[in-house]
Amino acid sequence: MLEEVERWLTRRSWSSADRPLNRLTDARAADPHRTSVSVVLPALNEEATVGAIVTTIRRELMEKVRLVDELVVIDSGSTDATAAVARAAGARVVHRDAILPRIPAVPGKGEVLWRSLLVTSGEIVCFIDADLKDFSADFVSGTVGPLLTDPTVQFVKAMYDRPFGDSAGLGDTAGQGGRVTELVARPLLNLHWPQLAGFVQPLGGEYAVRRSLLERLPFPVGYGVELGLLVDALHTVGLDALGQVDVGVRRHRHQDGQALGRMAAAIYRTAQLRLSRGHLVRPALTQFERGAEGFVPRTHAVDTEERPPMREIEEYVERWAA
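Residues numbered from 1 in each chain as written. Predicted model: local features only at pLDDT ≥ 70, side-chain atom pairs only at ≥ 80, totals over all residues. Heavy atoms only, no water.

Visitor: What's the story with the packing of helix α3 (residues 50-63) against helix α4 (residues 82-89) in this structure? I'm lost.
Guide: Relative orientation and spacing of two packed helices are given, respectively, by the angle between their axes and the distance between those axes. Where α3 meets α4, the axes come as close as 8 Å, and the angle between the chain directions of the two elements is 20°. Relative to α4, the element α3 is oriented roughly parallel. Where α3 crosses over α4, the two elements pack in a sense that is right-handed. Together, Val50, Gly51, Val54, Thr55 and Arg58 of α3 and Thr82, Val85, Ala86 and Ala89 of α4 make up the contact between the two elements. The residue inventory of the contact of α3 with α4, partitioned by class, reads five nonpolar, three polar and one charged. (Axes fitted to C-alpha atoms, helices over the stretch in contact; angles between N-to-C directions. Helix = DSSP H or I, 4+ residues; strand = E, 2+ residues; numbered from the N terminus. Parallel < 35°, antiparallel > 145°, perpendicular 65-115°, else oblique. Left-handed = near helix turned anticlockwise from the far one by under 90°. Contact = heavy atoms within 4.5 Å. Nonpolar A, V, L, I, M, F, W, Y, C, P; charged D, E, K, R; others polar.)

Next up, the structure:
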């Protein structure tokens, strides 16, 4: 590990307990405009978990204390009751297709995160995945904490244990979650962006960023969004403006092997695009499923499109100029 990264780990890695809620609310009260917080949950068919997450954030961070200003669920085309459950729990729900309709939406998590900038107003934007189980408000307060208390910090990722086990948390194997992180993202970062080798969960979906930085970054539309934002943030504001906070344990629904393969391909593609803007590899992945007559090939497109920095979008510029 680079000496620069070792120093960074001692200066820019914290625990959520390092900044108690009263310290964060005091920081907010001192400068409420520059420290306004929006929480965004991208959601696709998450009726089983989204309600509990919304309820926890509202109760702990909007009612007991005033840390979060707005809580928005962006529904990216759910076919279950995700939107109704989120709304009943107290979130504002916006459908992906209702945001910036002049640009047709494409499937993908990054697409939803990019569009969320147009329907939120916080100077700090905190993204939280909607499939988390046993959710703790520390995921929000922990990641926004450094941004509220240190003006030099721009981008904060959550770090946590990711046990791999059943949905009830029984038979967990510590440290075995995040398979794509260990097999794809971490090797890529260590080899090509060694300054980012200190991030424990580089692909984690829980992070908080200053709007002034987010609006300057391109967004890969699919699974590569977390790696893309992290790499581009490094090049835009430098390592010392990035940080991470330990928030404990993250439990969520695990993907099957083929879904992980598609995720890995998209992440590799995102990295490759940043390594070379010239000739690109074929953006497709063929996987195999056993059928009645043997193995059947299924070819999937690998997410290749990226959305431009939001400050280049006319509607966004007009909204913030008003």
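Visitor: Just to check I follow, could you spell out the packing of aromatic side chains for this structure?
Guide: What characterises a pair of aromatic rings is the spacing of the ring centres plus the angle enclosed by the ring planes. This structure, assessed with the given rule, holds six aromatic pairs. Both rings, one in Trp8 and one in Phe199, keep their centres 4.8 Å apart while their planes meet at 45°; by these two values the pair is tilted. Of the two residues, Trp8 sits in helix α1 (residues 3-12) while Phe199 sits in the loop between α7 (179-192) and β8 (207-210), which places them 191 residues apart along the sequence. For the residue pair Trp8 and Phe199, the accessibility class agrees, reading buried in each case. (Phe/Tyr/Trp six-rings, centres within 6.5 Å; stacked < 30°, edge-to-face > 60°. Buried < 20%, exposed > 50% of the residue type's maximum accessible area, 1.4 Å probe, protein only.)

Visitor: Is there a simple way to think about the environment of Thr236 in this case?
Guide: Along the chain, Thr236 falls in helix α9 (residues 225-237). Thr236 sits in the partly exposed class, given a relative accessible area of 32%. For the pair Thr236 and Leu213, spaced 23 residues apart in the sequence, the C-alpha separation amounts to 8.2 Å. Aside from chain neighbours lying at most four places away, what touches Thr236 is Leu213, Arg216 and Leu217. Within polar-contact distance, the side chain of Thr236 engages the backbone oxygen of Asp232 at 2.6 Å. (Polar contact = N/O pair within 3.5 Å; in protein donor to acceptor, adjacent residues only side chain to side chain.)

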